Amino acid sequence: MSKKQTNDNADRYKGDAGNFQSLESDDGPGPMKSIEGWIVIVKGIHEEAQEDDVFDAFSKYGPIKNLHLNLDRRTGFVKGYALVEFNEYTHASDAINGINKSEGICGKKVQVDWAFKKPPKKGALKQTKKQ
């Protein structure tokens, strides 16, 4: 690295340029809010399910802010998962509990969980010896 490159890097990180913002955290594991809302992932959706089927199943737990139901380009069928976003934590939590206990969507049982989770505290996982 030349002297000019070293000086450029020193100037680049003067002041607050090297300090990055982060979202607030209570340092415990659990669900994590995205920038705009609480996102849940739905796995195991029937390949012939429609967006309306997923919307109807989740809308009874609260207003849905956004819904992504991805399709396979080749077949046009659902890939088997969806992302559902709620504004409120309570609505998302109710949807997770309610849908997991229900008969599912289009007659097929689905698994619903938080899309984003906080990692456990550093050092919280204990090392185990291999036998």
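Residues numbered from 1 in each chain as written. Predicted model: local features only at pLDDT ≥ 70, side-chain atom pairs only at ≥ 80, totals over all residues. Heavy atoms only, no water.

1. Some remarks on the nonpolar core
Worth spelling out the cut-off: Definition used in this section: a nonpolar core is a set of buried Ala, Val, Leu, Ile, Met, Phe, Trp, Tyr and Cys residues joined via side-chain atoms within 4.5 Å. Relative accessibility thresholds used throughout: buried, under 20% of the residue-type maximum; exposed, over 50%; partly exposed, between the two (1.4 Å probe, protein chains only). In this description a helix means any DSSP run of H or I spanning at least four residues, a strand means any run of E spanning at least two, and both kinds are numbered starting from the N terminus. In what follows, a contact means two residues having at least one pair of non-hydrogen atoms within 4.5 Å.
Residues Val-40, Val-42, Ile-45, Phe-58 and Val-84 are the most contacted members of the largest nonpolar core, which totals 23 residues. At the level of elements, β2 (38–43), α2 (51–59), β3 (64–71), β4 (78–86), α3 (89–101) and β5 (111–114) are the ones that each hand at least two residues to this core. With near-sequence residues (within four places) excluded, Ile-45 lies in contact with Val-54, Leu-69, Val-78, Gly-80, Tyr-81, Ala-82, Lys-108 and Val-110.

2. Considering the packing of aromatic side chains
Defined as follows: Stacked, tilted and edge-to-face are the three classes applied to pairs of Phe, Tyr and Trp rings, where Trp contributes its six-membered ring and a pair requires centres within 6.5 Å; stacked means planes under 30 degrees apart, edge-to-face means over 60, and tilted covers the rest.
A full pass over the atoms with the stated rule returns 4 aromatic pairs. An angle of 10° between the planes, with centres 5.3 Å apart, marks the rings of Tyr-89 and Trp-114 as stacked. In this pair, Tyr-89 sits in helix α3 while Trp-114 sits in strand β5, placing the two residues 25 residues apart along the sequence. The exposure class assigned to Tyr-89 is partly exposed, which follows from its relative accessible area of 38%. Owing to a relative accessible area of 13%, Trp-114 belongs among the buried residues under this scheme. The structure contains a cluster of three or more aromatic residues connected by ring pairs, namely Trp-38, Tyr-89 and Trp-114.

3. Concerning the sheet that holds β3
Hydrogen bonding along the main chain pairs the strands of a sheet, whether they run parallel or antiparallel. Cut-off, in case you're wondering: Note: two strands are recorded as paired if DSSP finds a minimum of 2 bridges between them. An axis is simply a line fitted to the C-alpha atoms; with a helix, the fit covers only the stretch in contact. Between two such axes, the angle follows the N-to-C directions and lies from 0 to 180 degrees.
Taken together, the 4 strands give an open sheet; going across it, the order is β3-β4-β2-β5, and neighbouring strands pair in antiparallel fashion. The open sheet has two edge strands, β3 and β5, and neither has a second partner. Pairwise comparison of adjacent strand axes, ignoring direction, gives a mean angle of 20° for this sheet. The sheet contact formed by β3 and β4 spans 6 bridges and is antiparallel. Within the sheet, the bridge partner assigned to Leu-71 lies in β4 and is Val-78. Packing against the sheet, α2 makes contact with β2, β3, β4 and β5, and its axis sits at approximately 145° to β3. Each of β2, β4 and β5 is contacted by α3, which is oriented at about 155° to β5, the strand it contacts most.

4. Concerning the pattern of salt bridges
Applicable threshold: Any carboxyl oxygen of Asp or Glu that lies within 4 Å of a side-chain nitrogen of Lys or Arg is treated as forming a salt bridge with it.
Under the counting rule described, the total for this entry stands at 1 salt bridge. Residue Lys-117 is joined to Asp-113 by a salt bridge in which the shortest nitrogen-to-oxygen separation is 2.8 Å. Under the relative-accessibility criterion, Lys-117 is labelled partly exposed at 48%.

5. Looking at the pairing of β4
Bridge analysis of β2 against β4 gives 6 bridges, and the strand direction is antiparallel. Along β4, the bridge assignment pairs Trp-38 with Phe-86. What sits between the antiparallel neighbours β3 and β4 is a turn of 6 residues, in which Gly-76 has the positive phi angle 85°.

Without other data, these values stay purely geometric and don't point to any function.
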